[in-house]
Amino acid sequence: MNLTLDKLNFGIKNCKKCPLCKSRLNAVPGEGAVNPKIFFLGEAPGINEDRTGKPFVGKSGKYLDELFADIGILRNEVYITSSVKCRPPKNRRPLPNELKICRLNWLDKQLMIINPKLIVMLGKVALLQLTNRTDNLTQVHGEIFTYHSSQCLITFHPASAMRFPKIDILMKQDFQKLKLLLEKLG
Ligand code: SF4
């Protein structure tokens, strides 16, 4: 099957495979470069993302843009998406079955098509979604490992970094690691 991101996005926008389809306004497939340097994986769309159908457009998005600027990357050079593509009611955490269904139907295919050199997991849910790990982020943030053919970096979700000054400092340190990784990978 000749699967393209456009076809995938169409499928995601019309997806009714898990209960989150009932409460969403818009599914948020993700967006970014065709051949991105980095694939960023977040948790789930929030209220602004649900309204616009675009990823990380609220305060967390602004914070992320500042982190990108700090290490000299542009948003249109990367790909950004989330672990589930539809907003959970009242911004609750996605449930295990929602994560599983969305991953098998969409996230795995996005990764197969994009085949990024680098994946950055933004927060606990992204780490769980991709690796099934439930580690405490304060202990494993900054860790780099190989996932299939991609290098992966674990860091925090921007929403946590905005709320807690200590996390903000740690996340900025992780982004400096990301900068070095990018330089190594060329
Ligand atoms: S969260 Fe994922 S699996 Fe569930 S309805 Fe949305 S796109 Fe489909």
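Structural data are supplied above this passage.
The model shown is predicted, which means the values in this text are computed figures rather than measured ones.

The rules behind these values
Residues numbered from 1 in each chain as written. Predicted model: local features only at pLDDT ≥ 70, side-chain atom pairs only at ≥ 80, totals over all residues. Helix = DSSP H or I, 4+ residues; strand = E, 2+ residues; numbered from the N terminus. Rg over C-alpha atoms; globule rule 2.2 N^0.38 Å. Buried ≥ 20, exposed ≤ 12 C-beta atoms within 10 Å, placed from the backbone. Axes fitted to C-alpha atoms, helices over the stretch in contact; angles between N-to-C directions. Parallel < 35°, antiparallel > 145°, perpendicular 65-115°, else oblique. Left-handed = near helix turned anticlockwise from the far one by under 90°. Contact = placed C-beta atoms within 7 Å. Nonpolar A, V, L, I, M, F, W, Y, C, P; charged D, E, K, R; others polar. Pairing = 2+ DSSP bridges. Core = buried A, V, L, I, M, F, W, Y, C linked by C-beta atoms within 7 Å. Expected span 1.5 Å × (residues − 1).

Visitor: I tried to follow the overall build of the chain on my own but got confused; where do I start?
Guide: The helix and strand inventory of the chain stands at 8 helices and 6 strands. The helix and strand sequence of the chain, counted from the amino end, reads α-β-β-α-α-β-α-β-α-α-β-β-α-α. For 186 residues, the compact-globule estimate of 2.2 N^0.38 gives 16 Å, and the chain sits close to it at 15 Å. For the chain, the spread of C-alpha atoms along the three principal axes comes to 40 × 35 × 30 Å. Across the 186 residues in the chain, those meeting the buried criterion constitute 38%.

Visitor: Would you explain the packing of helix α1 (residues 5-13) against helix α4 (residues 96-114) in this entry?
Guide: Axis angle and axis distance: for two packed helices, these are the angle between their axes and the distance between the axes, and together they describe the pair. For the pair α1 and α4, interaxial distance at closest approach is 10 Å and the crossing angle is 165°. Here α4 runs roughly antiparallel to α1, going by the angle between their axes. The hand of the α1/α4 crossing is left-handed. Judged by residue contacts, Leu5, Leu8 and Ile12 of α1 engage Trp106, Lys109, Gln110 and Ile113 from α4. Grouping the constituent residues of the contact of α1 with α4 by class yields 5 nonpolar, 1 polar and 1 charged.

Visitor: Quick question: what am I supposed to make of the sheet that holds strand β3 (residues 79-82) here?
Guide: Taken in spatial order, the 6 strands line up as β1-β3-β2-β4-β6-β5 in an open sheet, and their pairing is mixed. Of all strands in the sheet, those with a lone pairing partner are β1 (31-32) and β5 (144-147), marking the two edges. Strands β4 (118-122), β5 and β6 (150-155) of the sheet are contacted by helix α8 (residues 165-185), whose axis makes an angle of about 170° with β6.

Visitor: I would appreciate a short explanation of the nonpolar core in the present structure.
Guide: Across soluble globular proteins, nonpolar side chains have a tendency to be buried as a group. Judged by nonpolar contacts, the single largest core of 40 residues is most densely connected at Phe39, Phe40, Leu41, Val120, Met121 and Ala126. Contributing elements (two or more residues each) for this core: β2 (38-42), β3, α4, β4, α5 (124-131), β6 and α8. With residues near it in sequence (within four places) discarded, methionine 121 still touches Leu41, Ala126, Leu127, Leu130, Cys152, Ile154 and Thr155.

Visitor: It is not clear to me how helix α3 (residues 59-70) should be interpreted in this structure. Could you clarify?
Guide: Residue pairs spaced three or four apart in an α-helix point in one direction, given the helix's 3.6 residues per turn. Between its first and last C-alpha, α3 extends 17 Å over 12 residues, near the 16 Å set by a 1.5 Å rise per residue. Positive phi shows up at glycine 72, right after α3, with a value of about 75°.

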